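# Architecture and fold: a report
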Amino acid sequence: MGKIELVLIKPGKTFTDYRHLIITEATEVCILNIIKGRLYPDKKTMNPTYEPYPTKQETVDRLNELANELRTKGFVEAQREVLFQIPEKEIYVYDKAKWHYEGDFPKELDITQAYVPTGMFITWIIKNDMIGKQSGKNDASDIELVKRNEMTGAQFYRKNWDGVLSSKELSDEADVFAREYLDIHNDLYTAVDFTNVLATGLPTIYHAQDSIENYHILEPIITERYRDWKSRQRP
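This report concerns the structure included in the present document. (Residues numbered from 1 in each chain as written. Predicted model: local features only at pLDDT ≥ 70, side-chain atom pairs only at ≥ 80, totals over all residues. Heavy atoms only, no water.)

### Things to note about the pattern of salt bridges
- Applying the stated criterion to the full structure yields 13 salt bridges.
- Between Arg148 and Glu150 there is a salt bridge; the shortest N-O distance is 3.1 Å.
- Under the relative-accessibility criterion, Glu150 is labelled exposed at 52%.
- Among the ionic pairs, Asp228 bridges to Arg232, the shortest N-O distance being 3.1 Å. (Salt bridge = Lys/Arg side-chain N within 4 Å of Asp/Glu carboxyl O. Buried < 20%, exposed > 50% of the residue type's maximum accessible area, 1.4 Å probe, protein only.)

Structure below.
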């Protein structure tokens, strides 16, 4: 397999537009990978598309055609290293359902109950439009179901995120908020709010019912925590 690539950029005041064009050769087809995005001082966005062609020459011709179109729009050729000067954002894992059901989990409960506590927080994140961009695109239809109370956050958590909540699923603001609210060393959400509001009198937090009614009880508590956190972010 061979590879041909070209990077074109167009610097702006606050970000640099870029196109990363890559040709990859497979057994029966050549593929033109067109990655468009923006380079900011602290992050990089990317949106890839793919165009298959039966021959390498057709793929090269298309790459050259597209490159010439971009040059007429002010793009200039650059070294590929320019795309990799920005460090990738750290992925922080807040919770995994398996940490619960593989741990000290009540044997009498269905495994789905392990998704409920974090699932309630995810419901709040979704209803407040604080989902990360990629998940917003990939999970759009189920996000709408959660917003319409036709799917619980726990169900969404299990189906769409495989029971893993990390920073990549959250918006930048939600990520910073969660770093404090879901801090494993000072867990205000599960150990304090969820336990005191929904698990009082129950054997464990996993016995709390996964219901819209329970979410509505917990929702104002999370919102108040967020407002308090938000007020402390202002200079």
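### With respect to the packing of aromatic side chains
- Inspection of every chain in the model, using the stated rule, returns 18 aromatic pairs.
- Summarising the aromatic geometry, the rings of Phe177 and Tyr226 are spaced 5.5 Å apart at their centres and angled 80 degrees between planes, so their arrangement reads as edge-to-face. One end of the pair, Phe177, is in helix H7 (residues 172–181); the other, Tyr226, is in helix H9 (residues 212–231), and 49 residues separate them in sequence.
- Accessibility expressed as a relative area gives 1% for Phe177, which makes it buried.
- Here the aromatic residues Phe121, Trp124, Phe177, Tyr181, Tyr189, Phe194, Tyr226 and Trp229 are joined through ring pairs into a cluster of three or more. (Phe/Tyr/Trp six-rings, centres within 6.5 Å; stacked < 30°, edge-to-face > 60°. Helix = DSSP H or I, 4+ residues; strand = E, 2+ residues; numbered from the N terminus.)

### Thoughts on the environment of Ala78
- Examined against the element boundaries, Ala78 turns out to sit in strand S5 (residues 76–78).
- A sequence separation of 69 residues divides Ala78 from Ile9, and the C-alpha atoms of the two residues are 6.6 Å apart.
- Sequence-distant contacts of Ala78, defined by excluding residues within four places in its chain, comprise Val7 and Ile9. (Contact = heavy atoms within 4.5 Å.)

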